[in-house]
Amino acid sequence: MDKSKTSWVVPDQCCLLWEQFDNGTLIFNPLSGTTHLLFEPAVTIIQLLQQKQMTFPELIQGLDFGLEVGEESLEIEERVWQILLDLDKLGIVHPTAIAASSIIESAVS
Amino acid sequence: MIIADLTSKELATIMAGPGLRWGCGPFTMQLKTAISYFFDYFQLIYGRHPIIEEPWSDIADFHIQLTSSTKHRRFWRPQVFFQLDGMVQLAPFPKDHAPPMFEWGWNFAIAGRANHFLILHTAVVAKGGRAMILPGIPGSGKSTLCAALSLRGWRLLSDEFALLRPGDGLVFPTARPVALKNQSIDIIREFDKQAVLGPEFSKTRKGTVSHLQPSEDSVMLMEQPALPAWVVSPQYQEGQTPILQQVPKEHSFLRIAGNAFNYETLGGDGFKAVARIVRSCNMYDFRYSNLEEAVDTLERMVEDSP
């Protein structure tokens, strides 16, 4: 998957329910019927993607870590990428249809 | 009219005939059986429950029948079968274990059917309209603590289930007996000499079981729901002085959701119902060993609550 071109989105039909507590946020995903305890970065990622679909670079910019290019930023970007993949597994976010078709194409070729 | 008003003969005639209907909190029950030695247990434990007399104008929520072995099995190791709506639902018990079969079968029926409630696997007691939910893993001492609190004036809502109405978060009583197991039986006998316990049933799946009769208040007020105010997860630990420790709400949420029989079934309503409990209740872990001290500690905690 091309990180820079893939757009991510929270599906329209995914009407998440939220409960925020002092040290964590719980969300209920009606599409899977599952509940998840999330830490703040994951919450922010979902909230950003609920506003509009974003590519990974746009998301990193939106998360506003204030990072210069360097080892530290690469590590944090990798962590954000991992969160996206985890949220995708949980059915809370997913790559857009265009991105999905490119995944299939690359798999076929 | 209450069940205790019937003579044993009258009870036997009704149960073996059309069946007995009685009210039990939000449920209307119907029971048919011809197993004679079940009647003494039933009258002792459920004697204060109101009979619904014929002609019945309402439907029963649960049609239960306790039947015994037929043919040759009647002579060798006879068994009792639990039927719900005419279907055998559970593996049979030895015939002289009809009372625990009835109680466990009824639990099974509620857990599977009462999906208009969020059903938590927990004991619940109440005082002044506020409920204390006592969830705990088997062996944690929740039934013993629940029994002790009910013998010290708390209203027993249930030893087995918190039945929470998703719309308003109220918890509904059933005022059924507390099922005490093994050492807990003697602990409760010692704790309160006036406690009324049914016969002991040995070699059940949970060891020896005896049922504590619900208090008069618990039965009289079983139409009145209560509002959850505390969630206390008890854990008996030998030699432990009572310690109440607050639990972070987000962790309590997952515990309570995991403790419910039908959280997934209720979907978003289940999520909102659990959120309501977590927001409105103080959540504690509670370790204790001495039952008197445990009850005192919880009484003080309640007095200190706003």
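The sections below set out a description of the structure shown in this document. (Residues numbered from 1 in each chain as written. Chains lettered and ligands numbered in written order. Predicted model: local features only at pLDDT ≥ 70, side-chain atom pairs only at ≥ 80, totals over all residues. Heavy atoms only, no water.)

## Observations regarding the pattern of salt bridges
Residue and element names in this part refer to chain B. Scanning the model with the defined rule gives 12 salt bridges over all chains in all. Close ionic contact of D192 with R152 constitutes a salt bridge, the shortest N to O distance being 3.7 Å. Here D192 is found in the loop between α5 (183–191) and β13 (201–204), whereas its partner R152 is found in the loop between α4 (142–151) and β9 (155–158), with 40 residues between them in sequence. You can call D192 buried: its relative accessible area is 14%. (Salt bridge = Lys/Arg side-chain N within 4 Å of Asp/Glu carboxyl O. Helix = DSSP H or I, 4+ residues; strand = E, 2+ residues; numbered from the N terminus. Buried < 20%, exposed > 50% of the residue type's maximum accessible area, 1.4 Å probe, protein only.)

## Regarding the environment of M220 of chain B
Inspection of the secondary structure puts M220 of chain B in helix α6 (residues 216–220). Overall, the relative accessible area of 63% leaves M220 of chain B in the exposed class.

## Section: the interface of chain B and chain A
The interface is formed by 14 residues belonging to chain B together with 14 residues belonging to chain A. When the buried area of chain B at its contact with chain A is split by residue, E250, F271 and R279 of chain B rank highest and sum to 51% of it. Summed over the shared surface of chain B and chain A, the number is one salt bridge. Applying the counting rule to chain B against chain A returns three residue pairs in polar contact (both at pLDDT 80 or more). Taken together, the elements giving at least two residues each to the side of chain B that touches chain A come down to α7 (249–259), α8 (263–266) and α9 (268–280) of chain B. In terms of residues, the side of chain B that touches chain A owes the most to one element, α9 of chain B, which gives six residues. Here the residues of the side of chain B that touches chain A are counted per class, giving six nonpolar, three polar and five charged. (Contact = heavy atoms within 4.5 Å. Buried area = accessible area lost by both parts, 1.4 Å probe. Polar contact = N/O pair within 3.5 Å; in protein donor to acceptor, adjacent residues only side chain to side chain. Nonpolar A, V, L, I, M, F, W, Y, C, P; charged D, E, K, R; others polar.)

## Brief notes about the pairing of strand β4 (residues 34–38) of chain A
The pairing of strand β3 (residues 24–29) of chain A with β4 of chain A spans five bridges and is antiparallel. Counted as the bridge partner of I27 of chain A is H36 of chain A from β4 of chain A. (Pairing = 2+ DSSP bridges.)

## A word on the packing of aromatic side chains
All names here are of chain B. Summed over all chains, the structure comprises 26 aromatic pairs over all chains. Between the aromatic rings of W22 and F42, the centroid separation amounts to 5.0 Å while the plane-to-plane angle is 80 degrees, which identifies the pairing as edge-to-face. Of this pair, W22 sits in strand β1 (residues 20–24) while F42 sits in helix α2 (residues 38–46), placing them 20 residues apart in sequence. Neither W22 nor F42 differs from the other in exposure class; each is buried. Ring plane angle 55 degrees and centroid distance 5.1 Å describe the contact between F253 and F271, whose orientation is recorded as tilted. On the criterion of sequence distance, the pair formed by F253 in helix α7 and F271 in helix α9 is long-range, its members being 18 residues apart. There is no split in this pair, since F253 and F271 are both buried. Three or more aromatic residues joined by ring pairs form one cluster here, namely W22, F38, Y41, F42, Y46, F102, W106 and F201. Its guanidinium or amino end placed over the ring of W106, R176 lies 4.0 Å from that ring's centre, counting from NZ or CZ. One cation-aromatic arrangement involves R205 over W104; the distance from NZ or CZ to the ring centre is 5.6 Å. (Phe/Tyr/Trp six-rings, centres within 6.5 Å; stacked < 30°, edge-to-face > 60°. Lys NZ or Arg CZ within 6 Å of the ring centre and 35° of its normal.)

## Some words on the sheet that holds β4 of chain A
Taken in spatial order, the three strands line up as β2-β3-β4 (chain A) in an open sheet, and their pairing is antiparallel. The open sheet has two edge strands, β2 (17–21) and β4 of chain A, and neither has a second partner. Across the sheet, the axes of successive neighbouring strands diverge by a mean angle of 15 degrees, strand direction being ignored. Pairing of β2 of chain A with β3 of chain A, which is carried by five bridges, proceeds in the antiparallel orientation. By the bridge assignment, L17 of chain A is partnered in β3 of chain A with F28 of chain A. Together, β2, β3 and β4 of chain A form the strand contacts of α7 of chain B, whose direction differs from that of β4 of chain A by roughly 160 degrees. (Axes fitted to C-alpha atoms, helices over the stretch in contact; angles between N-to-C directions.)

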